[in-house]
Amino acid sequence: MKMPIDREAFSEFVEQSGIFATAQKSMGQCLKNWYMDEREQFTDDMRADLETVMKTYRFHNAMVSFNKDFHFDPPLDTITCIIAINDDEDDHCMFYRAIFDCDLNIIDDVISP
């Protein structure tokens, strides 16, 4: 079976859309909100305060994928962007996942282990 997505066009889309930059900007706000709402939980899970995370942690572009979410009727087409969050020793802490609609608007995001 032929793959329904042109790999070259997909790579071009990822580069030209700036999806990782958009996700990283949103991730910064998500981390800040989490810290402001649940400071103790944030520092336990991230092993540092917000300032340390933002200044010394590493954020790695991990994945972009097109998805069809069958929890909706009709199924919802989305684009997922995942950024790995590693501490200052490059040990994994969390993943940030941004869900975009097909117009590249973030419709949901989450930070999880």
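It should be noted that the structure appears before, not after, this text.
Residues numbered from 1 in each chain as written. Predicted model: local features only at pLDDT ≥ 70, side-chain atom pairs only at ≥ 80, totals over all residues. Heavy atoms only, no water.

### Quick look at the overall build of the protein chain
Helix and strand content of the protein chain: four helices and four strands. Moving toward the C terminus, one meets the helices and strands of the protein chain in the order α-α-α-α-β-β-β-β. In terms of its C-alpha atoms, the protein chain occupies a principal-axis envelope of roughly 50 × 30 × 25 Å. In the protein chain, which comprises 113 residues, the share counted as buried stands at 34%. Of the contacts made within the protein chain by residues no fewer than 6 positions apart, 42% connect residues no fewer than 24 positions apart. (Helix = DSSP H or I, 4+ residues; strand = E, 2+ residues; numbered from the N terminus. Buried < 20%, exposed > 50% of the residue type's maximum accessible area, 1.4 Å probe, protein only. Contact = heavy atoms within 4.5 Å.)

### Examining the side chain of N86
Within the element layout of this structure, N86 appears in strand 2 (residues 76-86). Separated by 3.1 Å, the side chains of N86 and D90 make a polar contact. (Polar contact = N/O pair within 3.5 Å; in protein donor to acceptor, adjacent residues only side chain to side chain.)

### Describing the sheet that holds strand 4 (residues 106-112)
With respect to topology, four strands assemble into an open sheet ordered 1-2-3-4, the strand pairing being antiparallel. In the strand order of this sheet, the two ends are held by strand 1 (58-69) and strand 4, each with one partner. Across the sheet, the mean angle separating the axes of adjacent strands is 15° when strand polarity is ignored. Pairing between strand 2 and strand 3 (residues 92-100): eight bridges, direction antiparallel. (Pairing = 2+ DSSP bridges. Axes fitted to C-alpha atoms, helices over the stretch in contact; angles between N-to-C directions.)

### What to know about the nonpolar core
Membership of the largest hydrophobic core comes to 26 residues, with the highest contact counts inside it found for I19, L31, F42, M46, I85 and Y96. Those elements that provide at least two residues to this core are helix 2 (19-37), helix 3 (39-46), helix 4 (50-56), strand 2 and strand 3. Per-element tally for this core: the top contributor is helix 2, with eight residues. (Core = buried A, V, L, I, M, F, W, Y, C linked by side-chain atoms within 4.5 Å.)

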